[in-house]
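# Structure at a glance
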Amino acid sequence: MKLTFLGTGTSHGVPVIACDCAVCKSSDSKDKRTRSSAYIQIDSKDNSHKYILIDVGPDFRTQALRENIRQIDAVLLTHSHADHLHGIDDLRNFSCIMSNKPDNPQNKKYDRPPIPFYTNEGTASDIKHRFNYLFSEKAFGGGHAKISLNPVAKTFTFDTIKITPVPMMHGPLETAGWLLTENTPEGPRSIAYLTDCNYISDESIELIHKECGLENGGRLVHLVIDGLRIKEHSTHFSFLQALEVSEKIGGDHIWFTHLTHNSSHIQTTAYIEEHRAEFPGLATALSILPAYDGLSISTVAE
Ligand SMILES: [Zn+2]
Ligand SMILES: [Zn+2]
Ligand SMILES: [Zn+2]
């Protein structure tokens, strides 16, 4: 299983519009942060692959072009904030209702099954309300994306992997973290993708440990965690809070995402290095680093 960070930025993205700070003006490519999203490749049957998108933010179009995305078999949504959802119309290129004229050749080109969206109940109902045109059989002009909504509260199987929605709090809003677990000859291998959040309950942490199969040789190979900035925030983990919750969750490799323009990649790396010893449980982590756009991580050592 491989995860590519399509975006690692907070809702504003970095650079922030009309900001002249050092990070927004930085020439380091790791300081260019589009809105947070991830693209996951899993091994399917018959040596083929399936592809899962986590969130479809306003930068989805440029991210898909950059990473040459050609296939999306499912979308996992964390929540319905604009920075995670408002690229939804650009899914037309993957599955589309083009026209209500049955002989329109465009219909054939895009005649694929609807893309299944998995998310929690609240986000599903927001999508129905906000994007009601997506659930109409009528389409005019450029058509609209064809999706199916699947509210989920429990672990389910998708192709060869197990997917678990992890309830988290993002201020007053319940969001869905996602745990993806594949079976390998060495035991279960998992990636947890946990943004946007500022609180993860002990029950949710226990759920992660259980579904990772830690007691049966399972490993949480990668933990992706919301780490906004140094200063505390009302709906996101600060860097220190992200380290604190990572200590409880565990993970061989820990990656911060949803980053602001308040710290550069180099500054964030140094800050983590300076503070990780305050959390003794993190001593076994092989790496703790800020993620960056375009970074790919895998459950198999390459
Ligand atoms: Zn966000
Ligand atoms: Zn700035
Ligand atoms: Zn949010």
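In case you missed it, the structure is sitting above this.
What comes next is a walk through the structure. (Residues numbered from 1 in each chain as written. Chains lettered and ligands numbered in written order. Predicted model: local features only at pLDDT ≥ 70, side-chain atom pairs only at ≥ 80, totals over all residues. Heavy atoms only, no water.)

### Focus: the overall build of the protein
Rules: Put simply, DSSP marks the helices as runs of H or I at least four residues long and the strands as runs of E at least two long, and each gets a number from the N terminus on. Accessible area is worked out with a 1.4 Å probe on protein chains only. A residue is then buried under 20% of its type maximum, exposed over 50%, and partly exposed in between. Any pair of residues with heavy atoms lying within 4.5 Å of one another is described as a contacting pair. Only four residue types enter the charge count, namely Lys and Arg as positive and Asp and Glu as negative; His and the chain termini do not. To locate a charge, take atom NZ for lysine, CZ for arginine, CG for aspartate or CD for glutamate.
Helix and strand counts for the protein come out as seven helices and 16 strands. Principal-axis analysis of the C-alpha atoms places the extent of the protein at approximately 65 × 50 × 40 Å. By the burial criterion, 55% of the 302 residues in the protein qualify as buried. Contacts in the protein between residues at least 24 apart in sequence constitute 70% of all its contacts with a sequence separation of at least 6. Charged side chains of the protein number 29 positive and 37 negative; the gap between the two group centres comes to 8 Å.

### Focus: the coordination of the zinc ion (ligand 2)
Worth spelling out the cut-off: Note on donors: an N, O or S atom is included if it sits within 2.8 Å of the metal, or within 3.2 Å for Na, K and Ca, and water is never included, so sites can look incomplete. In short, tetrahedral needs four donors with all angles between 85 and 135 degrees, square planar needs four and octahedral six donors with opposite donors over 155 degrees apart and all other angles between 65 and 115, and whatever is left is irregular.
Summarising the metal site, the zinc ion (ligand 2) is bound by the protein donors C19 (SG), C21 (SG), C24 (SG) and H261 (ND1), whose distances to it range over 2.1 to 2.3 Å. Taken together, the four donor atoms coordinating the zinc ion (ligand 2) span angles of 107 to 115° at the metal, a pattern that classifies the geometry as tetrahedral. One chain supplies every donor for the zinc ion (ligand 2), spaced along it as C-x1-C-x2-C-x236-H. Highlighted residues: C19 in the loop between β1 (2-7) and β2 (37-43) and H261 in the loop between β14 (253-257) and α7 (265-275), separated in sequence by 242 residues. Residue classification places H261 among the partly exposed positions, given a relative accessible area of 22%.

### Structural notes on the sheet that holds strand β6 (residues 115-119)
This is how it is decided: One bridge is not enough; two strands pair if DSSP finds at least two bridges between them. Axis lines are fitted to C-alpha atoms, over the contacting stretch for helices. Their N-to-C directions set the angle, which ranges from 0 to 180 degrees.
With respect to topology, seven strands assemble into an open sheet ordered β8-β6-β4-β3-β2-β1-β16, the strand pairing being mixed. The open sheet has two edge strands, β8 (147-151) and β16 (296-298), and neither has a second partner. For this sheet the average axis-to-axis angle between neighbouring strands, irrespective of direction, equals 25°. As defined by bridge partners, β2 adjoins strand β3 (residues 49-54) across six bridges and the pair is classed as antiparallel. Counted as the bridge partner of I40 is I52 from β3. Each of β6 and β8 touches helix α4 (residues 121-130); the most contacted strand, β8, lies at about 150° to it.

### Some words on the state of the cysteines
Convention followed: Cysteine sulfur pairs qualify as disulfides if the two atoms are within 2.5 Å.
For the coordinates displayed, the defined rule picks out zero disulfides. C197 carries a free sulfur, and the closest cysteine sulfur to it, the one in C212, is 16 Å from it. When its relative accessible area of 0% is taken as the criterion, C197 is described as buried.

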